[in-house]
Amino acid sequence: MSFKPSSVASEPVIPPLARPQLAEARRVRAAELFGQGRPSVEIARMLEVSDESVRRWKRVWEEGGTGGLRRRPATGRPPKLDDGQVEQVRTALERGAQAHGFETDLWTLERVGLVVEWVAGVSLSRASVWRLLTGRLGWSLQRPGRRAVERDESETARWIAHERPRIKRGR
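Residues numbered from 1 in each chain as written. Predicted model: local features only at pLDDT ≥ 70, side-chain atom pairs only at ≥ 80, totals over all residues. Heavy atoms only, no water.

Peer 1: Help me out: how do you make sense of the overall build of the protein in this one?
Peer 2: In terms of regular secondary structure, the protein is built from seven helices and two strands. Listing each helix as α and each strand as β along the protein from the N terminus yields β-α-α-α-α-α-α-β-α. Taken across its 171 residues, the protein has 26% of its residues classed as buried. Here the analysis covers contacts within the protein between residues at least 6 apart in sequence; of these, 53% occur between residues at least 24 apart. Element-wise, carbon and sulfur atoms account for 51% of the exposed surface of the protein, whose accessible area totals about 12,500 Å². Positive and negative charge centroids in the protein, built from 32 and 22 side chains respectively, lie 5 Å apart. (Helix = DSSP H or I, 4+ residues; strand = E, 2+ residues; numbered from the N terminus. Buried < 20%, exposed > 50% of the residue type's maximum accessible area, 1.4 Å probe, protein only. Contact = heavy atoms within 4.5 Å. Areas by Shrake-Rupley, 256 points an atom, 1.4 Å probe, with all protein chains shown as cover. Lys, Arg positive; Asp, Glu negative; His and termini not counted. Charge placed at Lys NZ, Arg CZ, Asp CG, Glu CD.)

Take a look at the structure:
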């Protein structure tokens, strides 16, 4: 198992709006319509939501304005790695596993966890390493192709070109 960046660095990636962003956009649009004096039933129909949602949004809008309808930042424990540390880890991982003393150049969750510990001084669980790789670094799982070390590509090509047709004719 190995991890690699999932997109080419030169291609800008613009993610689609996530569900919470769409919901916030809908509530903000409702606030604009409240300001125009539109009836709640009409707003509900326009935004394809229930009448009760519109009434609830209107109460919030009347108390706190459009700001009250915006998303609140996520609560909870802050991440163990700040953005600078994540970039240090990215740089270290891009140098390859062998540069850090591993026998092969394949990254595993355990190996990445060790590098994070060495570079940032932070110990992460396997699940946190996975979230770091896939979420914050944007890497994806890559499995190496299974091929015998002794495989001879030229001999395989010769066999397919000469021997296989001869065997097929023999049927």
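Peer 1: Quick question: what am I supposed to make of helix α1 (residues 19-35) here?
Peer 2: It helps to recall that an α-helix has 3.6 residues per turn; residues three or four apart then point in one direction. Between its first and last C-alpha, α1 extends 25 Å over 17 residues, near the 24 Å set by a 1.5 Å rise per residue. Those residues of α1 that sit buried are E24, R27, V28, A30, A31, L33 and F34. (Expected span 1.5 Å × (residues − 1).)

Peer 1: Would you explain the pattern of salt bridges in this entry?
Peer 2: Proximity of charged atoms lets side chains of opposite charge pair with each other. By the definition in use, this model includes 13 salt bridges. Salt bridges linked by common partners bring E155, R158, E163 and R166 together as one network. (Salt bridge = Lys/Arg side-chain N within 4 Å of Asp/Glu carboxyl O.)

Peer 1: What exactly am I supposed to notice about the environment of D82 here?
Peer 2: Relative to the elements of secondary structure, D82 occurs in the loop between α3 (51-64) and α4 (83-94). With relative accessibility at 44%, the residue D82 sits in the partly exposed group. Separated by 38 residues in the primary sequence, D82 and A120 have C-alpha atoms spaced 9.7 Å apart. A distance of 3.1 Å separates a polar side-chain atom of D82 from the backbone nitrogen of G84. (Polar contact = N/O pair within 3.5 Å; in protein donor to acceptor, adjacent residues only side chain to side chain.)

Peer 1: Help me understand unusual backbone geometry, please; the structure alone is not making it clear to me.
Peer 2: Excluding glycine, a negative phi dihedral is what most residues carry, and trans is how most peptide bonds are arranged. Even without being glycine, E48 reaches a positive phi, approximately 55°. Here E48 shows up in the loop between α2 (40-47) and α3. What makes E48 exposed here is its relative accessible area of 73%.

Peer 1: Teacher, can you tell me more about α3 here?
Peer 2: Helix length check: α3 (14 residues) gives 20 Å between terminal C-alpha atoms against 20 Å at 1.5 Å per residue, within 8%. Inspection of α3 places S53, V54 and W57 among the buried residues, and these make up the whole buried set. Axial view of α3: buried residues confined to an arc of 95°, hence all on one face. Within α3, the exposed residues directed more than 90 degrees away from the buried face are E62 and E63. In this structure, the buried residues of α3 make contact with α1 and α2. Within two residues after α3, G65 carries a phi angle of roughly 75°, on the positive side. (Arc of directions from axis to C-beta.)

Peer 1: Help me understand the side chain of E24, please; the structure alone is not making it clear to me.
Peer 2: Here E24 shows up in helix α1. Sequence-distant contacts of E24, defined by excluding residues within four places in its chain, comprise L69, R70 and R71.

Peer 1: Which parts of the structure should I look at to understand the packing of helix α5 (residues 109-120) against helix α6 (residues 126-136)?
Peer 2: Between two packed helices, what matters for the description is the angle formed by their axes and the separation of those axes. The contact between α5 and α6 brings their axes to 9 Å, and the two run at 85°. For the element pair α5 / α6, the angle class is roughly perpendicular. Residue-level contacts link L109, E110, V112, G113 and V116 of α5 to R126, V129, W130, L132 and L133 of α6. Looking at the contact of α5 with α6 residue by residue, the classes come out as seven nonpolar, one polar and two charged. (Axes fitted to C-alpha atoms, helices over the stretch in contact; angles between N-to-C directions. Parallel < 35°, antiparallel > 145°, perpendicular 65-115°, else oblique. Nonpolar A, V, L, I, M, F, W, Y, C, P; charged D, E, K, R; others polar.)

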